[in-house]
Amino acid sequence: MAQDTARQPPPTAPTAPARALLPLILPSVTVGIMTSLVFVGVSTAAEKLQHVLWGPLPDALGVGRYSVLWMFVVLFATGVAVGLVVWKVPGHAGPDPATLGLDAPVLPPRVLPGLVLAVGLMLAGGPSLGPENPIIAVNVGLAMWFGQKLVPRTSDSLWPVLAEAGTIGALFGTPVAAALVISEALAGRPLQGRLWDNLFAPLTAAACGAITTSLVAHPTFDLGLPPFGHPRWNDVVAALVIASATALLGMCAVYVFPYVHAVFRRLRHPMLMLPAGGLVLGALAAAGGHLTLFKGLAEVGELARDPGGWSAGQFAVMAVVKLAALVVAASCGFRGGRIFPAVFIGAALGLCAHALVPAVEPAVAVATGVLGMLLAITRQGWVSLFTAAALVASPAVLALLCIASLPAWLLVTGRPQMQLHADGTPIR
């Protein structure tokens, strides 16, 4: 009898009845659409300001759009403007961005206008950060505030999950990314019921966020690289080497990050920290060129359109400068995320490998370069795999990415992350 009991499989969690999931649909749809509209609205406003700052304004002043002088002026002015927001606007644009990841805290409503203004100015002015972290924080705060007001009987724990899922779906243009991220987050928590039941509401929000963004803004991650066919043995070797090398370079930035943050923190005041960061970013832009400015997604597309347009040395310089700019921008107080700049860095390093060894397929080089860098910078395995695969739109590259992720993950796991505790010590 004891042996028969031992052979029985463990009981599986019961599935949730439809009546338990149906009430979640309307809140999920609403939050998903809202998160997308906030993301698209902030991004569109920032793009319009960016067009003025880096187009008609320098033309009218008779200054080169991407001259060294103008890059210094705009980045310093961006530091001053964001510093004023952090100093004077109620809520001070939220907590220190170096302490935040994709899992955003619930911020009070009075903080959100300043955070929106700070991220919009940052995106337009050119610092090397993306919109993801602050936009998620804004949407989490809005979802919680509206949810408590309009549906007070709903659990408060639901709204942040819906807002995060909806925003990630909107950012990447697909709910798959959000489902993977939420699955990774749920893996460390005790679940009530089946995984798919727990994903039902977040996936609904992510799908609505993604489709709203697709209908309104038509985003795409495909870089249009030459299609990748059947993998060969040399592709496997190249994938392993490139992903591991980029992960190691990313870890160099991770280890430097708390020290750079401590240097800026000694300045104490945002009107010193952010303008100083702007000056350093201006110097880096002068060294790396205008492609190392901004969040980097459009600039990656420019690199990919002409992989032979730059030498291996030029790709390497752009990657190193962009990595340094990411560390500085994330350390001195600019509100932004690290995923999109990391994509540029990984792609530039991948194209550097292709320039050094032309036999390496551009799609393999870019995808594995992005994979290794994202693993080091974000420590998000699913996001890294998904983003790398989405850039090349070749299903055959997925197997290579999974293989390449194994040694790269061994190099980064258990080590400090590019995110700090409130006291400035790195999170492991």
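The model shown is predicted, which means the values in this text are computed figures rather than measured ones. (Residues numbered from 1 in each chain as written. Predicted model: local features only at pLDDT ≥ 70, side-chain atom pairs only at ≥ 80, totals over all residues. Heavy atoms only, no water.)

Draft legend 1. Here's a closer look at the overall build of the protein. When helices and strands are counted, the protein shows 18 helices and zero strands. With the principal axes as the frame, the protein shows a C-alpha extent of 85 × 55 × 40 Å. Counting over 428 residues, the protein shows a buried share of 53%. Within the protein, counting contacts between residues at least 6 apart in sequence, those at least 24 apart form 77% of the total. In the protein, 22 side chains carry a positive charge and 17 a negative one; their mean positions are 9 Å apart. (Helix = DSSP H or I, 4+ residues; strand = E, 2+ residues; numbered from the N terminus. Buried < 20%, exposed > 50% of the residue type's maximum accessible area, 1.4 Å probe, protein only. Contact = heavy atoms within 4.5 Å. Lys, Arg positive; Asp, Glu negative; His and termini not counted. Charge placed at Lys NZ, Arg CZ, Asp CG, Glu CD.)

Draft legend 2. The arrangement of the nonpolar core in detail. In this structure, Phe172 and Phe334 are the most contacted members of the largest nonpolar core, which totals 128 residues. By residue number, the principal contributor to this core is helix H14 (residues 312-332), which donates 13 residues. Once you skip the residues sitting within four places of it in the chain, Phe334 turns out to touch Thr78, Gly79, Val82, Pro97, Met122, Pro127, Leu129, Leu274, Gly278, Leu281 and Ala329. Ala238, Ala353, Val360 and Ala365 belong to the second-largest nonpolar core, a separate cluster that totals five residues. (Core = buried A, V, L, I, M, F, W, Y, C linked by side-chain atoms within 4.5 Å.)

Draft legend 3. Structural context of a nonpolar patch on the surface. A contiguous nonpolar surface patch, about 460 Å² in accessible area, is contributed by Ile33, Leu37, Ile211, Leu215 and Val216. Among the secondary structure elements, those contributing two or more residues to the nonpolar patch are helix H3 (25-53) and helix H10 (195-217). Counting residues per element, the nonpolar patch draws most heavily on H10, which supplies three residues. As for its placement among the helices and strands, Leu215 is situated in helix H10. By relative accessible area, which is 63% here, Leu215 ends up exposed. (Patch = residues over 30% accessible without salt bridge, like charges linked within 9 Å, V, L, I, M, F, W, Y side chains within 5 Å. Areas by Shrake-Rupley, 256 points an atom, 1.4 Å probe, with all protein chains shown as cover. Salt bridge = Lys/Arg side-chain N within 4 Å of Asp/Glu carboxyl O.)

Draft legend 4. Broad picture of the environment of Pro97. Looking at the secondary structure, you find Pro97 in the loop between helix H5 (68-88) and helix H6 (112-125). Residues Pro97 and Leu49, spaced 48 residues apart in sequence, show a C-alpha to C-alpha distance of 23 Å. Apart from residues no more than four positions distant in its own chain, Pro97 is found in contact with Gly333, Phe334, Arg335 and Arg338.

Draft legend 5. Molecular detail of the packing of helix H13 (residues 297-305) against helix H15 (residues 339-356). Where H13 contacts H15, the axes come no closer than 8 Å and their chain directions differ by 15°. For the element pair H13 / H15, the angle class is roughly parallel. The hand of the H13/H15 crossing is left-handed. Counting all contacts with H13, which are made through Leu297, Glu299, Val300 and Leu303, the residues of H15 involved are Phe340, Val343, Phe344, Ala347, Ala348 and Leu351. Residues belonging to the contact of H13 with H15 are distributed by class as follows: nine nonpolar, no polar and one charged. (Axes fitted to C-alpha atoms, helices over the stretch in contact; angles between N-to-C directions. Parallel < 35°, antiparallel > 145°, perpendicular 65-115°, else oblique. Left-handed = near helix turned anticlockwise from the far one by under 90°. Nonpolar A, V, L, I, M, F, W, Y, C, P; charged D, E, K, R; others polar.)

Draft legend 6. Representation of the state of the cysteines within the structure. Evaluated as defined, the whole model comprises zero disulfides. Cys252 supplies the cysteine sulfur nearest to Cys352, a cysteine that is in no disulfide, at a spacing of 15 Å. (Disulfide = S-S within 2.5 Å.)

Draft legend 7. Summary view of the environment of Phe221. By secondary structure assignment, the location of Phe221 is in the loop between H10 and helix H11 (233-265). The spacing of Phe221 and Leu391 is 170 residues in sequence and 5.2 Å in space, taken between C-alpha atoms. With residues up to four places along the chain from it excluded, the contact list for Phe221 reads Leu171, Phe172, Leu297, Phe340, Ala390 and Leu391.

Draft legend 8. Broad picture of the side chain of Thr378. Tracing the sequence through the fold places Thr378 in helix H16 (residues 362-378). Within polar-contact distance, the side chain of Thr378 engages the backbone oxygen of Leu374 at 2.6 Å. The contacts of Thr378, once residues within four sequence positions are left out, are Ile339 and Ser384. (Polar contact = N/O pair within 3.5 Å; in protein donor to acceptor, adjacent residues only side chain to side chain.)

Draft legend 9. View of the pattern of salt bridges. Tallying each qualifying case throughout the model produces three salt bridges. One salt bridge connects Arg65 with Asp59, and the closest N-O pair in it is separated by 2.6 Å. Since its relative accessible area comes to 39%, Arg65 is described here as partly exposed. Residue class for Asp59 comes out partly exposed when judged on its relative accessible area of 40%.

Draft legend 10. Helix H18 (residues 397-412), seen in detail. For H18, with 16 residues, the first-to-last C-alpha span of 22 Å sits near the 22 Å given by 1.5 Å per residue. Where H18 bends most, at Leu406, the angle is about 30°, and the proline Pro407 comes one to four residues later. Where H18 is concerned, the buried positions are Val397, Leu400, Leu401, Ala404, Ser405, Ala408 and Val412. In the stretch just after H18, Gly414 is the one whose phi turns positive, near 80°. (Expected span 1.5 Å × (residues − 1). Bend = angle between axes of the 7 residues up to and from the residue.)

Draft legend 11. Geometry of the side chain of Ser384. Mapping Ser384 onto the fold places it in helix H17 (residues 381-392). A relative accessible area of 0% places Ser384 in the buried class.

Draft legend 12. Structural context of the packing of H3 against helix H7 (residues 132-150). Taken N-terminus to C-terminus, the directions of H3 and H7 make an angle of 140°; their axes are 10 Å apart at the nearest point. Classified by the angle their axes make, H3 and H7 are oblique. The two elements H3 and H7 cross, and the hand of that crossing is right-handed. Taking contact as the criterion, the partners of Val31, Met34, Thr35, Val38, Phe39 and Val42 in H3 are, on H7, Ile135, Val138, Asn139, Leu142 and Ala143. Classifying every residue of the contact of H3 with H7 by side-chain character gives nine nonpolar, two polar and no charged.

Draft legend 13. Spotlight on unusual backbone geometry. Phi at His92 is positive, roughly 55°, even though this residue is not glycine. You can call His92 partly exposed: its relative accessible area is 44%. Phi at Phe294 is positive, roughly 65°, even though this residue is not glycine. With respect to the helices, strands and loops of the structure, Phe294 is situated in the loop between helix H12 (270-288) and H13.

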